[in-house]
Structure formats: structure tokens, C-alpha cells
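Take a look at the letters that make up each chain.
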Amino acid sequence: FMRIEPSAIAQRLMAIAAAEGRELTPDAAALIAGVADGAMRDALSVLDRCMSEDGVLNAEVISSVVGLTGRDALFRLTDAVAAGDIAAAIRLTDSLYQSSCDGERLCRELLAHFRNYMIVKAVPNSSDLLVCTAADLAKYRARADKLPMETILYWIDQLSEAAERLKKSTGSRTETEMAIVRLCSPALAASADALRA
């Protein structure tokens, strides 16, 4: 079966939540659609888990239930990496680890996050290719303007390699921190791509 468009999933989730007498915010619906990656059944499963929460179902509630890092944390980590601030990046990584975000999940979320930068940088009027709020899209565009494509691609390559190593590693925290250090300082990675970045 073909994947369902995130916008269609989000609209369906909003309708279901309304029928159940619950308020699901548009950014929360978009977040669930992004997590579901084109699968309506997965989206409905996430929504069902979130329905047990009290109050308005917003992005914070969804992130907490699903165990996502949170877009603000990803932007802060990206800013530290772009500035080459290893200490800040490691502290942020530790903070995420302490709040139960394991290395594999952080790598996956950063990969999706950096993909958004790549798409914004490469494709004019790319909003239909991203699953994010208008405010987050503005942040992606503003930050992408300052990042060379070579750097974005280097980050994606490094995280892809780290994700593969994490599958076999017993020290996922250390592996994740090593990847973050390499993102901050490409000179520490002995490859031509790193030197170009």
C-alpha cells in the first residue's frame, strides 16, 4: 500500500478526536502524522495512547506520551553543533538522556530533523514535503540560510553511521556522545567528507 499523506492523516486524527469530544491541536495532529510515517494504523494507535491524558492534546502531551525529544531541544542541539560548541552539545545530550531519550531515538530524531534542513535548503516552497508547524518551518528556513549543504549532508552521514553502530553497541550513550562531538568538530573525523564539511 502507498503511504498516506501526513496532511490527510492529521485531518483524520482531528476529526476522530472531535468525535470523541477531545481537543487535538493542529500541531499535535501533525506531530502524530510525522511519527506514523504514512501509516494510518500507527497514527490511530498513538492517538489512542494519548487519549488517556487529561486536557487538551497538544504537541507537548504527544511528545511526552510517545517519548519524543521535542523540536525545541533539537533546534538548541543543532545550534550548539553549528557553533562547534562541544560542551553545550554534550550537556544538551546528557539532559535528553536523563529524561529517558536513548541514543538510538535521539539519532533517529536528529536524522529527521537534519533532513528537514536539507529539504528546506534544496527545495523552494518545500512546506508540502515537511511535517511541522508554520513556526518551526520559519526556524528551519532561517537556520538553513546559514548552513552550507555540505555541512548538513555531513551531519546526516555521521548520524547514519552512528545509528548503524548503535545497533551493535553496548555503550549507546558513549556512541551517541562521540557522534555529537564529531558533528561539532568535523576535524575529529578522519574522512574527506568531514574535511570538506
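Draft legend 1. Inspection of the packing of aromatic side chains at higher detail. All told, the structure shown has 4 aromatic pairs when counted by the stated rule. Arranged with centres 4.9 Å apart and planes meeting at 55°, the rings of Phe75 and Tyr140 form a pair that is tilted. Taken as a pair, Phe75 in helix H5 (residues 71-82) and Tyr140 in helix H8 (residues 134-144) lie far apart in primary sequence, 65 residues in all. Both residues of the pair, Phe75 and Tyr140, belong to the buried class. Both rings, one in Phe114 and one in Trp155, keep their centres 4.8 Å apart while their planes meet at 40°; by these two values the pair is tilted. With Phe114 in helix H7 (residues 103-122) and Trp155 in helix H9 (residues 149-168), this residue pair connects regions lying 41 residues apart in the sequence. Using a relative accessible area of 1% as the deciding quantity, one classes Phe114 as buried.

Draft legend 2. Examining the side chain of Thr25 more closely. Turning to its location among the elements, Thr25 is positioned in the loop between helix H1 (6-19) and helix H2 (26-36). Residue Thr25 is classed as buried on the basis of its relative accessible area, which comes to 15%. Once residues lying within four places of it in the same chain are set aside, the contact partners of Thr25 are Met14, Val56, Leu57, Asn58 and Ala59.

Draft legend 3. Structural context of the side chain of Thr78. As for its placement among the helices and strands, Thr78 is situated in helix H5. By relative accessible area, which is 2% here, Thr78 ends up buried. Looking at Thr78, its side chain comes within polar contact range of the side chain of His113, at 3.0 Å. Every residue in contact with Thr78, bar those within four places of it in the chain, is listed here: His113, Phe114, Tyr117 and Trp155.

Rules of the game
- Residues numbered from 1 in each chain as written.
- Predicted model: local features only at pLDDT ≥ 70, side-chain atom pairs only at ≥ 80, totals over all residues.
- Heavy atoms only, no water.
- Phe/Tyr/Trp six-rings, centres within 6.5 Å; stacked < 30°, edge-to-face > 60°.
- Helix = DSSP H or I, 4+ residues; strand = E, 2+ residues; numbered from the N terminus.
- Buried < 20%, exposed > 50% of the residue type's maximum accessible area, 1.4 Å probe, protein only.
- Contact = heavy atoms within 4.5 Å.
- Polar contact = N/O pair within 3.5 Å; in protein donor to acceptor, adjacent residues only side chain to side chain.

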